Every structure is written in C-alpha cells, then in structure tokens.
Amino acid sequence: MSRRRVSIFGATGSIGQNTIDLIARDAQAYEVVALTGASNIAQLATDARRLGAQIAVTAEARLLPELRAALEGSGVEAAAGEAALLEAADRPADWIMSAIVGAAGLAPGFRALRHGATLALANKESLVTAGPLLLQEARQHGAQILPVDSEHSAVFQGLVGEDMAAVERIIITASGGGLRDWPIAALANATPEDAGAHPNWDMGQRITIDSASMFNKAMELIETKEFFGVVPAQIETVIHPQSIVHALVGFNDGALMAHLGAPDMRHAIGYALHYPDRRDLPVARIDLAQLATLEFYAPCATRYPALKLARAVMEAGGHAGCVFNAAKETALDGFLAGRIGFMDMSGVVEATLDAMSSKIGLSNAVETLEDVLQTDHMARKTAWTAIEHHEKEAR
Ligand code: NDP
C-alpha cells in the first residue's frame, strides 16, 4: 500500500507536536513531505530527521544557516523564508496540517488548497479573516477542509449523515478560562500570569489568555458561521467548566447531539487525519460515573465583552473578521507589554472596529488574499493608535 503524503505547517507548535505524536506512532504509514517552523530550529531538525522529511522550512530567513547545520548529513533539504513556505505548500501531499499561528498561516493554506490537498485547519485566523475566500478556493480546486479546532471538529462529527436544513442551532462550549471565578471588579488588575493559566487545556500563552478573555471563543463563533454556513442567530455559546462536552448540534425535531471527549487535541487532529474512518487514538476515555457532574451556564456579558463584539463582526461580515483578529492580537500585545489592562483589550478592539468601519467600510466583500493582508496591516496600525489613546486617557 502506498504511504500517505503529509506536510505539517507549524510543526514545532502545540498542534504541530500533537500531530507529529500521532504520525510517529505509525510512521511507516506516512511519507512526510514538509515540516515547517519558525524560531525552534532544534525541534524542527530533530523531527525532520526522525520522520525522514523531504524538506524542513523555517519562516525566519536569518536562521537558515542554523537549520542547515542541524540537518547536515540527514538528507533532509533545508529552506527558509516566506517564499520557501509557499514552495513547501506546492509540494504534492495528500494531507496538510495548517497549524501556523496567526495571519502568517493564511498564504500556505491557500496554496495547499490550490493543489487539491486535504487541509486540516487548526489556524482559525484563516476562517475568521478570509472564510468565504478560503472555502471558494477549496471548492474551485476540489479540495477538502477539515476542522481541527476541538469545538468545530465536534460539530463536524455531529453533522455526519445529517441534512444541514434540519439544523436549528449549534452550541459551542467554553471553559470560561483561568479567571472564570474571579470577581468582575478584580479583572481590571489581572496580569498575563493570572490569565495565562488554563484550568483544563494545555496550550500556548496567547491562546490561553484569549481563553480567559473569551476572545478565543469569539473567534470560534465567527469560525462556526463561516465554516458551517449558518446565520449568527443559530450559534450559541455556553460555559461548561469541565471541558468534556465540546459542542452540541440542535435539530428541528428537538434533538440535541453532544460530542464528549477528554480535553486532548489529539482527538480532533486524529479525526481529521483518518477521516472518514475512525481509528484507535491515544486519548483518555471518559468515565461518566467518575465525572459525576457536568455543568453548563450562560456567559456573563460584562465579564466577557468579546462575545458581543463577535456578534457585531458576524453581522457585518466582509472585512470585519480580519479587523477583529488583527485588533485582538494587537490588544493582546498591548496587554502583554503592560500598556493596557486585561479588561481594556475589548475597548481597543471595539475602537479599532469603529475606526476601520469609517476608513474602509467593514461589510465590503473581501475579493483577494492581498485585500486581507492589507486590511490586517491597516487594522494593526489602527489598534496601536487606540492603545496609545487609551494610555493618554489613563494618565
Ligand atoms: P503555537 O504558538 O504553539 O505554534 C505556532 C507554530 O507556528 C509554531 O510552529 C511556530 O514556530 C510557527 N510560527 C510562528 N510564527 C510564524 C510565522 N510568522 N511564520 C510561520 N510560522 C510561524 O500555536 P498552537 O499550536 O497553539 O496554535 C496553532 C494554530 O492552531 C493557531 O491558529 C491556534 O489558534 C490554533 N488552535 C490551537 C489549539 C491548541 O490547543 N493549541 C486549539 C485549536 C486551534 P516556532 O515555534 O518554531 O517559532
């Protein structure tokens, strides 16, 4: 049997490493085409050697000599820079993991779709900033996109064999993040260390803070609208502190189908890797009697202002998702740099959406990937201006 050709973009990150864990367990079944990373050259080279990759690419051109040295004698090609990432996406592969963080993940994903590959999509920024374009690219080239975000994988699994016309609503759950039980008045003084501790999931610092502010859930609401083609009124979110139920799909006969699983990203990654089959995965099995209680409650709008902003973004469509993503990333940079407080991030995002609405008209359709990158750039500059304005006001 021929081996399955796979590439992993963002191989050195949390999703990338979980993907490699699954592939390495059955290494003879896969031919690893490309592995990419950015700053973590040692990890990239170790995995490329171990899996016998064709090519290893770092996004950082200045690190090429280091990567070359680390791969010497291995037979693995080394390359660096944005053009090399695109060239890696051009290499024939059957399955590609899109797990670069941020807007940098957009272009390689688009490129991979052009070749008809199956794109396992962890990079949520692709759908939020350029959802309609991405889906159109996939349709045009007969390529498939499979969701890797755990909530969207759960919804996707709940829809197998179902008719979308019978879907009334989609409910995605949220843990509520590390500050869930803090008094609201105390949130203004939360530090990055406070917000960077997650009760259930083991993830990077940025996505963990986005979980505490629910900017991550806000992104996922927008992703849900884009990927499943439902209207905003059909999408709900509910706080579920145990993170066992990842999402639910409600049908027109009143049935609510829930997806339960341990909080381990290897489930969603493994489902996308083996789809449409199910294979044995090394994830913990749920013991319901042991769990005993599963709680659900509505999120508080004052505690999580990001959710209201997500609703406005979904209604606006067009460039709004791109502006939202760029603004929330910049606001997080401002928070991490100590320039704004935890609860100021939503104010910066709202001010950026308002300012960009006057500049470009948020609802105008996004025509090209270049449009997206241009809006992203402009929105980041606008968000920094909002941060500076906030600092002046606070003095
Ligand atoms: P990480 O920060 O752990 O990893 C990011 C990866 O992208 C690393 O390989 C990193 O390289 C690489 N990278 C960073 N900057 C660039 C750049 N400018 N160009 C190219 N590559 C770059 O992120 P995660 O794995 O946590 O998340 C990846 C994506 O998946 C994100 O979009 C996230 O929202 C999404 N996601 C993550 C989940 C999770 O559980 N972690 C769950 C669901 C979705 P290096 O490390 O070598 O610098």
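Residues numbered from 1 in each chain as written. Predicted model: local features only at pLDDT ≥ 70, side-chain atom pairs only at ≥ 80, totals over all residues. Heavy atoms only, no water.

**Focus on the side chain of threonine 36**
For step 1, the next point in the chain: Take threonine 36: it is sitting in strand S2 (residues 30-37).
For step 2, the next point in the chain: Overall, threonine 36 belongs to the buried group, its relative accessible area being 1%.
For step 3, the next point in the chain: Among all residues touching threonine 36, those that are not within four sequence positions of it are Ile8, Phe9, Gly10, Ala11, Thr12, Leu44, Val57, Leu85 and Ile100. (Helix = DSSP H or I, 4+ residues; strand = E, 2+ residues; numbered from the N terminus. Buried < 20%, exposed > 50% of the residue type's maximum accessible area, 1.4 Å probe, protein only. Contact = heavy atoms within 4.5 Å.)

**A few points about the pattern of salt bridges**
Close approach of charged atoms lets side chains of opposite charge pair.
For step 1, the next point in the chain: Tallying each qualifying case throughout the model produces 23 salt bridges.
For step 2, the next point in the chain: Between glutamate 391 and arginine 339 there is a salt bridge, with the nearest N and O atoms lying 2.9 Å from each other. Taken together, the residues glutamate 391 in helix H16 (residues 369-394) and arginine 339 in the loop between helix H14 (320-336) and helix H15 (345-360) connect sequence positions 52 residues apart.
For step 3, the next point in the chain: Take arginine 339: its relative accessible area is 31%, and that puts it in the partly exposed class.
For step 4, the next point in the chain: Taken together, the shared-partner salt bridges in this structure form one network comprising Lys124, Asp149, Glu151, Lys217 and Glu220. (Salt bridge = Lys/Arg side-chain N within 4 Å of Asp/Glu carboxyl O.)

**Quick notes on the sheet that holds strand S10 (residues 245-251)**
For step 1, the next point in the chain: Strand order in the open sheet formed by 4 strands is S9-S8-S10-S11, and the pairing between neighbours is mixed. Edge strands, defined here as strands with exactly one partner in the open sheet, are strand S9 (235-239) and strand S11 (256-260). Shown here is a sheet whose adjacent strand axes are inclined to one another by a mean of 20°, direction ignored.
For step 2, the next point in the chain: Sheet topology places strand S8 (residues 167-174) next to S10; 5 bridges connect them, and they run antiparallel. Within the sheet, the bridge partner assigned to isoleucine 172 lies in S10 and is alanine 247.
For step 3, the next point in the chain: Along the sheet, helix H7 (residues 150-158) contacts S8, S10 and S11; its crossing angle with S10, the most-contacted strand, is approximately 40°. (Pairing = 2+ DSSP bridges. Axes fitted to C-alpha atoms, helices over the stretch in contact; angles between N-to-C directions.)

**What about the packing of aromatic side chains?**
How two aromatic rings sit relative to each other is given by the distance of their centres and the angle of their planes.
For step 1, the next point in the chain: Following the criterion strictly, the structure yields 7 aromatic pairs and no others.
For step 2, the next point in the chain: Here the aromatic rings of phenylalanine 335 and phenylalanine 342 are separated by 5.7 Å at their centres, their planes lie at 65°, and the arrangement is edge-to-face.
For step 3, the next point in the chain: Ring pairing ties together the aromatic residues Phe156, Phe227, Phe228, Tyr271 and Tyr275, which thus form one cluster. (Phe/Tyr/Trp six-rings, centres within 6.5 Å; stacked < 30°, edge-to-face > 60°.)

**Considerations on the nonpolar core**
Generally speaking, nonpolar side chains in soluble globular proteins are found buried as a group.
For step 1, the next point in the chain: Residues Leu35, Met97, Phe324, Phe342 and Met345 are the most contacted members of the largest nonpolar core, which totals 126 residues.
For step 2, the next point in the chain: Counting residues per element, this core draws most heavily on H14, which supplies 9 residues.
For step 3, the next point in the chain: Residues contacting phenylalanine 324, with those up to four places away along its chain left out, are Phe215, Ala218, Met219, Ile222, Ala306, Leu309, Ala310, Val313, Val349 and Leu353. (Core = buried A, V, L, I, M, F, W, Y, C linked by side-chain atoms within 4.5 Å.)

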